[in-house]
Amino acid sequence: MAASRVLLLLSGRPVSPSFVQSVCRLLGAGPGFGPWPTHCSFKRGQLVLSDRPFPGASTTLPLQVGRKGSRVGGRSGVWSWRGRPGSIRLDLLLPNRAVLPNFCPASEALNQTATYPPHPHQRPPFCPFVALDQQQLRARGSELPTNRGVDLGVAVILQSSDQTVLLTRRTSTLSLSPNLWVPPGGHVELEEELLDGGLRELWEESGLQLPQDQFSWVPLGLWESAYPPRLSWGLPKYHHIILYLLVVSQESQQQLQARIQPNPNEVSAFMWLGPDVAAAVATMEDGTETSRHLPQELPPSILIVELKEDGGARPLALPVSTLLRTTPTTAEGKERVSSGTKFALRLWLQHLGR
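The numbers attached to residues start from 1 for each chain and follow its sequence in the written order. Reporting of local features is limited, given that this is a predicted model, to residues whose pLDDT is at least 70; pairs of side-chain atoms are given and counted only at 80 or more, and all residues count toward the totals for whole chains, interfaces and linings. The side-chain quantities take in all heavy atoms of the structure and omit both hydrogens and water.

Undergrad: What am I meant to see in the confidence of the model for the protein here?
TA: Any region with low pLDDT has predicted coordinates that should not be read closely. Confidence of the prediction at every residue is given by pLDDT, a number between 0 and 100. On average, residues of the protein score 77 in pLDDT, and 74% of them reach the 70 mark or higher. The contact definition used throughout considers only heavy atoms, calling two residues in contact when any of these lie within 4.5 Å. In the predicted structure, residues 68-125 sits below a pLDDT of 50 and forms 137 contacts with residues beyond four places in sequence or in another chain.

Undergrad: How should the pattern of salt bridges be read in this particular structure?
TA: Two side chains carrying opposite charge are able to pair once their charged atoms lie near each other. We define a salt bridge as a contact between a side-chain nitrogen of Lys or Arg and a carboxyl oxygen of Asp or Glu at a distance within 4 Å. Evaluation of the coordinates by the stated rule reveals 10 salt bridges. Between Asp51 and Arg52 there is a salt bridge, and its shortest N-O distance comes to 3.6 Å. Each residue is assigned to one of three classes by its accessible area relative to the maximum for its type, calculated with a 1.4 Å probe on protein chains only: buried under 20%, partly exposed between the two thresholds, exposed over 50%. Arg52 sits in the partly exposed class, given a relative accessible area of 44%. Here the salt bridges do not stand alone but share partners, grouping Arg169, Glu306, Arg314 and Glu335 into one network.

Undergrad: So what exactly am I meant to see when it comes to helix H8 (residues 339-351) here?
TA: Counting along an α-helix, one turn takes 3.6 residues, and residues three or four places apart therefore face a common direction. The end-to-end C-alpha separation of H8 is 19 Å, in line with the 18 Å expected for 13 residues at 1.5 Å each. Most of H8 is tucked away, with 13 of its 13 residues classed as buried. A helix here means a DSSP run of H or I that spans at least four residues, while a strand means a run of E at least two residues long, and both kinds are numbered starting from the N terminus. Immediately downstream of H8, the backbone of Gly353 shows phi near 80°, a positive value. In this analysis, the expected span of each helix is defined as 1.5 Å times one less than the number of residues it contains.

Undergrad: Help me understand the packing of aromatic side chains, please; the structure alone is not making it clear to me.
TA: For any pair of aromatic rings, the description consists of the separation of the ring centres together with the inter-plane angle of the planes. Think of it this way: a Phe, Tyr or Trp ring, Trp meaning its six-membered ring, pairs with another when their centres are within 6.5 Å, and the plane angle makes it stacked under 30 degrees, edge-to-face over 60, tilted otherwise. Enumeration over the complete set of coordinates arrives at 3 aromatic pairs. On the basis of an interplanar angle of 35° and a centroid distance of 5.3 Å, the ring pair of Trp223 and Phe343 is categorised as tilted. Here the residue Trp223 occupies a position in strand E14 (residues 215-227), and Phe343 occupies one in helix H8, the gap between them amounting to 120 residues. By relative accessible area, Trp223 is classed as buried at 7%.

Undergrad: Is there a simple way to think about helix H4 (residues 194-206) in this case?
TA: Here H4 spans 18 Å end to end across 13 residues, near enough to the 18 Å set by a 1.5 Å rise per residue. Judged by how many residues are buried, H4 sits mostly within the fold: 10 of 13 residues are covered. Residues of H4 that are buried: Leu194, Leu195, Gly197, Gly198, Leu199, Arg200, Glu201, Leu202, Glu205 and Ser206.

Listed below in structure tokens is the structure:
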């Protein structure tokens, strides 16, 4: 049997979560909305998670499950990072002082804890694995996968030197999350380093290959993903833990865009999102049509590049209102930004100090 891609340490005991089990719940997530600080160890093709420190744990990241409610801001410090070939350095800048860890290998991270406050108003989560209780699981067990566990994915938040990030729109023909705006990402292969997996997915979907000496990176957070995302859409067919990586390029948006060659089998459009629009998108609450802390002035549209059937591409003005859509209660293929992407954008904005 293949090794588990996501392994949990519960009271020091290794546990491979089954497809139907909520990872957040197994790790002791409380009744709040999270995110919850989770101790991690990154191995080739595998992610080890625990709610407490353990030998070999190299970093502590926020873990979030699909939910209603969100908030931007509320942090006491700002992460910054500096890189050199084969290593990363992260600085946690606090008021009037700075903690400066030593350089460490790029396959490791710093044993710092990042915590983020939950939304002040409690709402029930809509993640299917949280909503399904054990009685329902037994009653409907024959309809759920029984021969696989939780899959591991990685997604890259690629930031240009002028502080915009790349999002791609998944094609309408994909069986998983069609028409959603997401960062480049996908499955991590067996024995593959997580950063290598993220850079491979970035290349496969966008055609971008980043020179080793022209970018730095840092893990942002973990997202427990289900698809379909709501029980009202049907029982889940996919269950992933997604690791979001922030990759900061030294190249500008214009330089990167000149080299983009999207894969038409997976990508139907792409865009560069700046902090102001990203903040509006990140504050939209799934399950409502209103948002919090929207900027006073938002542009009516944002420029995207859409792929044509003949293999060409065209610029197109996409209404910003499209990006502000939330997860509907019934299955539909409307274009929107995924809930996990909103979570990653919130973490990105926090890194920018916004």
